[in-house]
Amino acid sequence: MFDIDKIKKVGLIGATTNKSKFGYKILKDLVSKGYEVYPVTPNYDEIDGIKTYKSVKDLPEVDILNFVVPPKIGLKVTKEAYENGFKKFWYQPGAESDEIKEYLESLNDPEVEYLFHKCIMVETM
């Protein structure tokens with residue numbers, strides 16, 4: 001498991017402008033705690049003045065990718081992210097799936113780390 005204290009830059013998969021959704025709540029929560037957040041969404045150019053990225057391929061280097069999307073989308077983005085060099089993945093409750101776990105395990109890559117069933121807003125300070 002990765003060291004949460006070392007996380008400074010977070011790629012947020014599924015960021016949104018909809019204030020009632022976790023893709024927005026997590027963005028605001030992490031920014032308020034001092035994290036550098038890089039929202040990934042094809043739907044907006046910016047969210048509350050924060051530049052967004054259309055795809056994980058466009059992201060700068062981040063410490064972790066946090067997923068707040070349905071598992072089917074998460075699996076697709078996980079594969080794309082891994083192919084682009086990302087190795088640390090955090091799936092919000094409801095974003096994880098057996099298929100994602102099977103894919104990550106099948107990589108047999110000792111550098112790949114992932115976390116299920118924990119909320120980044122609860123675990124971070």
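Only a predicted model underlies this, so the values are computations on that prediction, with no experimental measurement involved. For every chain, the first residue of the written sequence is number 1, and numbering continues from 1 onward in sequence order. Given that the model is predicted, a residue must reach a pLDDT of at least 70 before its local features are reported, and side-chain atom pairs must reach 80 or more before they are shown or counted; all residues, however, enter totals for whole chains, interfaces and linings. Side-chain descriptors were evaluated using all non-hydrogen atoms of the structure, hydrogens and water having been removed beforehand.

Relative accessible area decides the class of each residue, using a 1.4 Å probe on protein chains only: under 20% of the type maximum gives buried, over 50% gives exposed, and in between gives partly exposed. Numbering of helices and strands starts at the N terminus; helices are DSSP runs of H or I of at least 4 residues and strands are runs of E of at least 2. Within helix α3 (residues 98–106) the residues assigned to the buried category are Ile100, Tyr103 and Leu104. For α3, the angular spread of the buried residues around the axis is 95 degrees, confining them to a single face. Exposed positions of α3 whose direction lies more than 90 degrees from the buried face are Asp98 and Glu102. Of the residues trailing α3, Asn108 is marked for its positive phi of about 50 degrees. Directions pointing from the helix axis toward each C-beta atom define the arc.

Turning our attention to the environment of Ile73. Residue placement: Ile73 occurs in helix α2 (residues 71–83). Taking the relative accessible area as the measure of exposure, Ile73 reaches 43% and is therefore partly exposed.

Even without being glycine, Asp48 reaches a positive phi, approximately 50 degrees. With respect to the secondary-structure elements, Asp48 resides in the loop between β3 (46–47) and β4 (50–51). Even without glycine at this site, His117 takes up a positive phi of about 65 degrees. For His117, a relative accessible area of 61% translates into the label exposed.

With that settled, the discussion passes to the sheet that holds strand β7 (residues 113–115). Taken in spatial order, the five strands of this open sheet run β2-β1-β5-β6-β7, and their pairing is parallel. At either end of the open sheet lies a strand with only one pairing partner, and these are β2 (36–40) and β7. In this sheet, neighbouring strand axes are inclined to one another by 20 degrees on average, regardless of whether the strands run parallel or antiparallel. Here the rule is simple: two strands pair whenever DSSP picks up at least two bridges between them. For strand β1 (residues 9–13) and strand β5 (residues 64–67), the ladder comprises four bridges, and the chain directions are parallel. Fitting a line to C-alpha atoms yields each axis, with helices limited to the stretch in contact; the angle taken between N-to-C directions then spans 0 to 180 degrees.

Relative to the helices and strands, Asp109 resides in the loop between α3 and β7. Its relative accessible area of 15% is what places Asp109 among the buried residues.

With respect to the helices and strands, the residue Thr124 is situated in the segment after α4 (120–123). Contacts described as polar in this section are N or O atom pairs within 3.5 Å, which, within protein, must combine one atom able to donate a hydrogen with one able to accept it, while residues neighboring in sequence count only if both atoms come from side chains. Engagement of the side chain of Thr124 in a polar contact is seen with the side chain of Lys33, the distance being 2.9 Å. A distance of 2.6 Å separates the side chain of Thr124 from the backbone oxygen of Ile120, its partner in a polar contact.

What follows covers the packing of α2 against α3. A packed helix pair is summarised by two numbers, namely the angle formed by the two axes and the spacing between the axes. Two elements in contact, α2 and α3, have axes whose closest approach is 9 Å; the angle formed by their N-to-C orientations is 15 degrees. On the basis of their axis angle, the class for α2 and α3 is roughly parallel. In this structure, α2 meets α3 at a crossing whose hand is right-handed. In this structure, α2 uses Pro71, Gly74, Leu75, Thr78, Lys79 and Tyr82 to contact α3, whose residues at the interface are Glu99, Ile100, Tyr103 and Leu104. For this classification, Asp, Glu, Lys and Arg are treated as charged, while Ala, Val, Leu, Ile, Met, Phe, Trp, Tyr, Cys and Pro are nonpolar and the rest, including Gly, are polar. Classifying every residue of the contact of α2 with α3 by side-chain character gives six nonpolar, two polar and two charged. Convention used here: angles under 35 degrees read as roughly parallel, angles over 145 as roughly antiparallel, angles from 65 to 115 as roughly perpendicular, and any remaining angle as oblique. Crossings are assigned a handedness: left-handed for a near helix turned anticlockwise from the far helix by less than a right angle, right-handed for a clockwise turn. Any two residues having at least one pair of non-hydrogen atoms within 4.5 Å are treated as being in contact.

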